[in-house]
Amino acid sequence: MNIQNTIETKVKEGFLALYTVEIPSVEFQATRKEFEGDITVVVFPMLRYKKGNPVQIGEDLGKYLVAHVNEITNYNVVKGFLNLVIEDSVYTNFFNAANANADFGFITPSANEKAVMVEYSSPNTNKPLHLGHVRNNLLGYSVAEIIKASGKNVYKTQIINDRGIHICKSMLAWQKYGNGETPQSTGLKGDKLVGNYYVKFDQEYKKEIAQLIAEGKTEEEAKKEAPLLIAAQQMLLKWEAGDATIVSLWETMNSWVYSGFEVTYKNMGVNFDTLYYESNTYLLGKDVVAQGIEKGVFFKKEDGSVWCDLTEDGLDEKIVLRSDGTAVYMTQDIGTAIQRVKDFPDVGGMVYTVGNEQDYHFQVLFLILKKLGFDWSQQLHHLSYGMVDLPSGKMKSREGTVVDADELMLEMTTTAKTISEELGKLEGYSEEEKNELYETIGLGALKYFILKVDPKKRILFDPKSSVDFQGNTGPFIQYTYARIQSIIKKATFNYSKAVTIDLHEKEKELLKQLELYPDTIQQAAANYSPALIANYTYDLVKEFNSFYQNVSILGEEDQDKKIFRVQLAKKVADTIKSAFSLLGIRVPERM
RNA sequence: GGCCCUGUGGCGCAACUGGAUAGCGCAUCUGACUACGAAUCAGAAGGUUACAGGUUCGAAUCUUGUCAGGGUCACCA
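Worth saying up front: this structure is predicted, and the values here are computed from it rather than measured.

Rules used in this analysis
- Residues numbered from 1 in each chain as written.
- Chains lettered and ligands numbered in written order.
- Predicted model: local features only at pLDDT ≥ 70, side-chain atom pairs only at ≥ 80, totals over all residues.
- Heavy atoms only, no water.
- Phe/Tyr/Trp six-rings, centres within 6.5 Å; stacked < 30°, edge-to-face > 60°.
- Helix = DSSP H or I, 4+ residues; strand = E, 2+ residues; numbered from the N terminus.
- Buried < 20%, exposed > 50% of the residue type's maximum accessible area, 1.4 Å probe, protein only.
- Contact = heavy atoms within 4.5 Å.
- Expected span 1.5 Å × (residues − 1).
- Pairing = 2+ DSSP bridges.
- Axes fitted to C-alpha atoms, helices over the stretch in contact; angles between N-to-C directions.

Asker: How should I be thinking about the packing of aromatic side chains in this particular structure?
Answerer: Aromatic ring pairs: the centre-centre distance and the angle between the two ring planes describe each pair. Within this structure, the stated rule accounts for 25 aromatic pairs. On the basis of an interplanar angle of 45° and a centroid distance of 4.5 Å, the ring pair of Tyr155 and Phe344 is categorised as tilted. On the criterion of sequence distance, the pair formed by Tyr155 in strand β6 (residues 154-160) and Phe344 in the loop between α13 (329-343) and β11 (347-355) is long-range, its members being 189 residues apart. For Phe344, a relative accessible area of 18% gives the class buried. Taken together, a centroid distance of 5.6 Å and an interplanar angle of 55° make the contact between Phe476 and Tyr538 tilted. You can see Phe476 sitting in helix α17 (residues 474-490) and its partner Tyr538 sitting in helix α20 (residues 530-550), a full 62 residues away along the chain. A residue is classified by how much of its surface remains accessible, and Phe476, at 21% relative accessible area, is partly exposed. Members of the aromatic cluster, each reached through a chain of ring pairs, are Phe94, Phe104, Tyr517 and Tyr536.

In structure tokens:
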């Protein structure tokens, strides 16, 4: 039983004893640093149950608690805040328990716990990944790891958008202008090569439009009638009909893209447990729609199209099947969700990592699934995140105004290298070790930069003013980790025994921060927010650095204190490593 | 226009979900390496939380309205 629960029970008990009034709950907060004390009971909410002067009530409760709870050694009241001083042993006991637990903060899922499927990335296979995908991937991966740590089984997945008119555009352009180029013949990454043809299509298409307009067509007519577009549409029809040469071309070009993506994912450090391809799922959902009509969830219009009436829920009518009987995006998403639960029967909920421009889509999707009566529909969450904008505005693949994911990661690594070489602390490291380190630091900076921001907020990314390596950054936290490793290497005596000591003020503060870790993971999981983990880690590191500056570890003469401090430093390092693993950030032994 | 998201020192972010005098980092100014690693630490300066009402012991947080920025309202995905 932790101290807060003990106090809660005793406060209720004391309240009853003092005023013969029951209170349902007690509100706590950490005592602010300018006051004496460790835990604060907020008196104000109690006034609802017992009118009176909050300061007086605080005094009464304070006396009662000191008398009835051994661990409370003193108290003071400021306005309506009752500050309680907690005995050191409470904190050293906590530490000894936490220190014995290698998975401190993590909860292992129980066998019958429902799993969560986290979808992220889900790129189109006609162009390379860019900065927007980077935010998506980092968020999705991290949230998956956090949910896992919070005590649930997780499947990471993505739905690969491998078919459709945009894919045909790249294919067509390659056919017409490619001269048989391959990744091997050009030395280009496959996704880059295919992306070039997507751009090429757009350029040629625009020329055709201009030509048609010069011949007297309106812009709208020209856009619809351009031969290239018509050819692409025909190609899509052939693909759907299973035309052998088209399908073969499609397979070839997609395989180029996949091998390119694989490299990018590997560098980014993300992974997936299972994959879904749109070419396999785009026909799903049609039979569900038929069943939905019978259930009265959907209705058919005169032209044969099928709709869902959501006006009673404050939304519009939404189409779920075209008049020609073909599926739309929504149909497919309904079918895919159902398919996933069939494939993985232990899945009890899903998280969709998709940009906020699709907020409405997911609102509708979840509502339809609810109307169809799936119990897991209550456990669906759209992890919606803000766009990443450049100073020049939105990124547009076709116009080449994107920040490429591979290039960005490379730049970050190069910057890390430059800084490291200036500082020159890596004597004895091999080239290979150095390069790995630069990557750890560079990507750490990038990932932390993106993940520390609340997902809902948009990010303005200026490639010119590079990502920081000082202050509230990934490298700052990595540096603290490396520094602790250096201490541990020098601590050549046996420091394994559990000790109980009188705590230095800085030690106590650090222990309080450490104690917050398990709850922070739960909060981050409940809120789908890696930012909470990032901010927690930063606070922990700041607290440690302050401790480090004020208290000598290896120079301490009292043997038990010295042991405790080494253990404490090591536990902080382990927690940094653990928290950063939830963000997908590695941690260096030296830097 | 309807609906949704965002607005916090010059810039980038926090605020334990309604609690104390709104914290932190960049940038600016002062100090600290013959010290366990200065990618660090200690300090100064910088705010009417976009604006105006409301709810209550108490509001950056909830509510109404206004303003600004973004998104979305396809038989596209």
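Asker: How do you make sense of the environment of Leu511 when you look at a structure like this?
Answerer: Looking at the element boundaries, Leu511 is found in helix α18 (residues 505-515). In this structure Leu511 comes out as buried when scored by relative accessible area, which is 0%. Spatially, the C-alpha atoms of Leu511 and Val572 are 9.3 Å apart, while their sequence positions differ by 61 residues. With residues near it in sequence (within four places) discarded, Leu511 still touches Tyr91, Phe94, Phe95, Leu503, Phe564 and Leu568.

Asker: Any chance you could explain helix α7 (residues 190-214) here in plain terms?
Answerer: In an α-helix, one turn spans 3.6 residues, which is why side chains three or four residues apart end up on the same side. For α7, spanning 25 residues, the distance from its first C-alpha to its last is 37 Å, which sits close to the expected 36 Å at 1.5 Å a residue. The first or second residue beyond α7 is Gly216, which carries a positive phi of 110°.

Asker: Honestly, the sheet that holds strand β5 (residues 115-119) in this entry has me stumped. Any pointers?
Answerer: What holds strands together in a sheet is hydrogen bonding between their backbones, with the strands either parallel or antiparallel. Reading across from one edge, β7-β6-β5-β11-β12 is the order of the 5 strands in this open sheet, with parallel pairing throughout. In this open sheet, the two edge strands, each paired with only one partner strand, are β7 (274-277) and β12 (380-385). Sheet twist, expressed as the average angle between the axes of neighbouring strands with direction ignored, equals 25°. Two strands pair when backbone bridges link them, and β11 and β12 are joined in this way by 6 bridges, in the parallel orientation. Along β12, the bridge assignment pairs Gly355 with Tyr385.

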